[in-house]
Amino acid sequence: MSASWEGDISQLKVDAITNSTDETLTEKNRVSKKIFGRAGAALTSAIIHDVKRCKTGEVRVTPGFFLPAKYIIHTVGPIYSEKYRTASEATLHACYRNVLYKARELGLRTVALCDISSVQRNFPADTAAHIALRTIRRFLEQYRAEIVIVCLESNARSIYEVLAPLYFPRDQPEERSALWQLPKDIGGLYGEPQLADRQIRIIHNPQHSVMIEADDDSDTSPHDLEMGSDVEYSNINLSLAAQLSGAAHSFTQMQGDLDRQRLLGDRPRMVYESVLDDGLEGLEHQER
């Protein structure tokens, strides 16, 4: 079960709450100030003498002390940089995933998540929300008994209200709408970001174009209906499939089979290479 709630996370009576902090666990943001203020000096002492440090993407656990919650799961979110966008997104996913699985490891049933990607970390709000929601969704697909509460501040509430129905549709109309509105990257088994250029490609016969067959047991996604590759769909009109195949074929013939070139070292000769080869052959013939 998943729910969103706007308010002070330090007031929730749950098994565990989360605290977004830095690697020294001394960051003072709006969430951490409320948690430390309500938990008392014992929490500060535990951080200084016992926990000490936490690496980015990892988690540390302390008692809740004077909080209504039994435990506090501390995690360090990444500082977003467009140059290192992939690493930032993967690390933010690791934060949410590690919090949830640590709660599972401790046998906790209710966990409250704060917005780990705070504004001061410069993370795009919509991207961060997608990562959080799909990671929670993947977790709850495996462990349905747990209850996850996403605690939001007013500035993030509107984004989650729009995106949450895509991952947690409440009825069939919302589910059909989500099919067309979900981003192409909905993550892997645990919600982790997927990198197309790092995925392994298997070629059964390098002499022919790679053909990808759609899974007959799954619904056709709008993201599957894209130009640029030879795709066979069993549930698409044959004339449309032929048009798509023809358009892709005329484009791929210009550059050949890239996978075949990479694996077999075979690539088309450029025009200037042919001219140079012909010129060298002519010079050798004259020397003879």
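Residues numbered from 1 in each chain as written. Predicted model: local features only at pLDDT ≥ 70, side-chain atom pairs only at ≥ 80, totals over all residues. Heavy atoms only, no water.

(A) Quick look at the sheet that holds strand S6 (residues 147-152). Taken together, the six strands give an open sheet; going across it, the order is S1-S6-S5-S2-S4-S3, and neighbouring strands pair in mixed fashion. Strands at the two margins of the open sheet, each flanked by one partner only, are strand S1 (2-6) and strand S3 (59-63). Averaged over all adjacent pairs, the angle separating strand axes in this sheet is 25°, with direction ignored. When strand S5 (residues 110-113) meets S6, the two strands line up parallel, connected through four bridges. (Pairing = 2+ DSSP bridges. Helix = DSSP H or I, 4+ residues; strand = E, 2+ residues; numbered from the N terminus. Axes fitted to C-alpha atoms, helices over the stretch in contact; angles between N-to-C directions.)

(B) Seen up close, the packing of aromatic side chains. Evaluation of the coordinates by the stated rule reveals four aromatic pairs. When the ring of tyrosine 101 is compared with that of phenylalanine 139, the centres are 5.2 Å apart and the planes differ by 80°; the resulting orientation is edge-to-face. A residue pair is termed long-range when its members are at least 10 positions apart, and tyrosine 101 in helix H3 (residues 85-105) and phenylalanine 139 in helix H4 (residues 125-142) qualify at 38 residues. The class for phenylalanine 139 is buried, based on a relative accessible area of 2%. Three or more aromatic residues joined by ring pairs make a cluster, and in this case those are Tyr101, Phe139 and Tyr143. (Phe/Tyr/Trp six-rings, centres within 6.5 Å; stacked < 30°, edge-to-face > 60°. Buried < 20%, exposed > 50% of the residue type's maximum accessible area, 1.4 Å probe, protein only.)

(C) The arrangement of helix H2 (residues 41-51) in detail. Among the residues making up H2, those that are buried are Leu43, Ala46, Ile47 and Val51. Around the axis of H2, the buried residues are gathered within 100° of arc, so they sit on the same side. The exposed set on the far side of H2, more than 90 degrees from its buried face, consists of Ala41, Ile48 and His49. Of the surrounding secondary structure, the elements contacted by the buried residues of H2 are helix H1 (30-39), S3 and strand S4 (71-76). Once H2 finishes, lysine 52 follows within two positions and takes phi at roughly 70°, a positive value. (Arc of directions from axis to C-beta. Contact = heavy atoms within 4.5 Å.)

(D) A look at the nonpolar core. Counting residues in each nonpolar core, the largest one holds 55 residues, and the members touching the most others are Ile9, Ile17, Ile35, Val111, Ala112, Leu113 and Tyr160. The leading source of residues in this core is H4, at eight residues. (Core = buried A, V, L, I, M, F, W, Y, C linked by side-chain atoms within 4.5 Å.)

(E) Representation of the pattern of salt bridges. Throughout the structure, instances matching the rule amount to twelve salt bridges. With a closest N to O distance of 3.5 Å, glutamate 23 and arginine 53 form a salt bridge. Here glutamate 23, found in the loop between strand S2 (16-21) and H1, pairs with arginine 53, found in the loop between H2 and S3; they are 30 residues apart in sequence, far enough to count as distant. For glutamate 23, a relative accessible area of 31% gives the class partly exposed. Put simply, glutamate 58 and arginine 60 hold a salt bridge, and the shortest N to O gap is 3.4 Å. On the basis of relative accessibility, which here comes to 30%, the residue glutamate 58 falls in the partly exposed class. Relative accessible area serves as the criterion here: at 28%, arginine 60 is assigned to the partly exposed category. When salt bridges with common partners are traced through the structure, they connect Glu6, Arg157 and Glu161 into a single cluster. (Salt bridge = Lys/Arg side-chain N within 4 Å of Asp/Glu carboxyl O.)

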